[in-house]
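Residue-level structure breakdown
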Amino acid sequence: MSIRLKLLVSYAAMLFIPLVLIMVITSLLLVSLRGELSSVQGAYESTENMFDHEVVEHVAKEMKRSIERDPELMKDSKYLDELTTELRKNDAGMIIRMDDSIVYDSAIIGQTPELMTSLPTYKGPNTVTRDHVRRLGNMDYQFIQFDFLSIDKKKSTVFIITEINPVVYFIHQYFGAMFVGLLIILIGTHVILTTYMSKNIIKPLQALRKAAREIKEGRLDFQLDVARKDEIGQLGTAFEEMRSRLQKSLEVQQQYEANRKELLASISHDLRTPLTAIRGYVDGIMEGVADTPEKNHKYMRTIAMKADQLDHLINELFLYSKLDLNRQPFQFEEVALMPFLQDWSEELQFELEKKGIALQIDIQLPYDVIVTMDRDHFRRVLNNIIQNSERYMDKAEPVIRIGAYQHPDAAVIEIMDNGTGIEPISLQHIFERFYRVDQSRNVNTGGSGLGLAIAKQIMEGHGGAIAAISKLTEGTTIQLTIPTKQGSTSV
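In this text the structure is predicted, and so the values were computed from the model without any measurement.

Section: the overall build of the chain
Secondary structure summary: the chain contains 12 helices and 14 strands in total. Within the chain, contacts between residues at least 6 apart in sequence are counted, and of these 64% link residues at least 24 apart. Carbon and sulfur atoms make up 56% of the accessible area of the chain, which amounts to about 29,500 Å² in all.

A look at the side chain of Ser156
Inspection of the secondary structure assignment puts Ser156 in strand 6 (residues 155–164). Accessibility expressed as a relative area gives 0% for Ser156, which makes it buried. The contacts of Ser156, once residues within four sequence positions are left out, are Met74, Arg97, Met98, Tyr122, Phe146, Asp147, Phe148 and Ser150.

Quick word on the sheet that holds strand 11 (residues 410–417)
What the five strands build is an open sheet, ordered 8-10-11-13-12; its pairing is mixed. Whereas interior strands pair on both sides, the edge strands pair on one side only; in this sheet they are strand 8 (358–364) and strand 12 (465–471). When the angles between neighbouring strand axes are averaged without regard to direction, this sheet yields 15°. In this structure, strand 11 lies alongside strand 13 (residues 475–483), joined through seven bridges in antiparallel fashion. Of the residues in strand 13, the one forming a bridge with Glu414 is Gln479. Packed on one face of the sheet, helix 9 (residues 337–354) meets strand 8, strand 10 (399–407) and strand 11 and runs near 175° to strand 8.

Brief notes about a nonpolar patch on the surface
A surface patch of nonpolar side chains, about 700 Å² in accessible area, is lined by Ile22, Phe179, Val180, Leu183, Ile184, Leu186, Ile187 and Val191. Here the element with the most residues in the nonpolar patch is helix 6 (residues 166–216); it accounts for seven residues. By the secondary structure assignment, Ile22 is in helix 1 (residues 3–34).

Some words on the packing of aromatic side chains
Enumeration over the complete set of coordinates arrives at four aromatic pairs. Between Tyr281 and Tyr299, the ring centres sit 5.0 Å apart and the planes meet at 85°, which makes this aromatic pair edge-to-face. Taken as a pair, Tyr281 in helix 7 (residues 231–286) and Tyr299 in helix 8 (residues 293–324) lie far apart in primary sequence, 18 residues in all. On the basis of relative accessible area, Tyr281 is assigned to the partly exposed category, the value being 28%. Tyr299 gets classed as buried once you look at its relative accessible area, which sits at 18%.

With respect to the pairing of strand 2 (residues 101–105)
As judged from the four bridges shared by strand 1 (residues 92–98) and strand 2, these two strands associate in the antiparallel manner. Paired with Ile96 across the bridge in strand 2 is Tyr104. Two successive antiparallel strands, strand 1 and strand 2, enclose a turn made up of two residues, where Asp99 displays a positive phi of approximately 55°.

The rules we used
- Residues numbered from 1 in each chain as written.
- Predicted model: local features only at pLDDT ≥ 70, side-chain atom pairs only at ≥ 80, totals over all residues.
- Heavy atoms only, no water.
- Helix = DSSP H or I, 4+ residues; strand = E, 2+ residues; numbered from the N terminus.
- Contact = heavy atoms within 4.5 Å.
- Areas by Shrake-Rupley, 256 points an atom, 1.4 Å probe, with all protein chains shown as cover.
- Buried < 20%, exposed > 50% of the residue type's maximum accessible area, 1.4 Å probe, protein only.
- Pairing = 2+ DSSP bridges.
- Axes fitted to C-alpha atoms, helices over the stretch in contact; angles between N-to-C directions.
- Patch = residues over 30% accessible without salt bridge, like charges linked within 9 Å, V, L, I, M, F, W, Y side chains within 5 Å.
- Salt bridge = Lys/Arg side-chain N within 4 Å of Asp/Glu carboxyl O.
- Phe/Tyr/Trp six-rings, centres within 6.5 Å; stacked < 30°, edge-to-face > 60°.

Structure below.
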């Protein structure tokens, strides 16, 4: 809604709302008092005695005195009918109860079974009780209760019950407050709407001016609240988007700097470890420590192994850097996923059997499910996950399970192991570069710290996703999701 339209609506409301409220309240009073919209004089004449209960009180007192003088009147139907006729003129009636039985009922207007079952209990001989108004069903009733003992010692109670219209009763009780409230509405409507419209325009502009000053001073860690859809709201939204982008660009810049420092520290540590080992064994050979052909061969084999680790780490780092900078080209092609997974799992089973690891395969994919992938890179993702599972195997009977099934527009591949599992605090970081669950950075268990980070980059390059689920001591599940399409192709 535009500001111009809001001003027109507000001034129209200041005129019409008080008039409508006056008409509604007046109509409510007339209908409640008269039952129809008629003349005020007629309504007044019909209701001037509506709240006068002196007749009811008089009948109750007279009946109490008469019964005390002559208890047999309780059984005189003529006498009781005369009282009932008098009470009915004032929307009241009478019920007489002896012990738990109703012996007389004047058929009160609007009487319901709920009324009969909700009668107050016997209080004691010669006791008079005036109850407050009670709500029974949709009506209010006022009770006058007279308890006494009959000649034959029965617990007897006379109830004088007055039917009260709840709306009329409420208006009668609070008419003064309603009149004052009407005056407050008339005055308050104009004041509130005027104040609201002034603040609705001026306050947002003041907030924008304050936000501009904050940005000018270089302070971006605030949020501009613009819960509006008019012109000022659109301006505030654009301003908040500008501030948010500026803040994010600064945060990204700071994060890049922190990542650069962390990357340099991690690379230095991981490169230094195999280099230190190589230098140590070379020094041992040069100093003659390896004084036998067997020792010399052992030292040379160790140097070669450390050189391979160094070469693997450099290759992993180089690949991750190219993926991170989007400089690693993907050779995409359409591949039938099920045959691809079958071929890969058969090769994997041969390798795992040599290591004493059982492989369980459950591929539930239609043969014609096609994915667009780079075969080599996707194999690298699968192999990196398998290598991670192998490193953290601690069970007497290690098992790796491979499952695959189809979701709408995607295929899901799950690689599960029964290894050590991952703590929840570490699980959320395992796809970060150089992060290792084993903080000692032992290459025998932790690897380079780049395997899962590379897997994540490759899956995102395929338009897919990678996620991890793990329970400590029970094992880990890595879940790969890749988009699919139906069709046929050569495998």
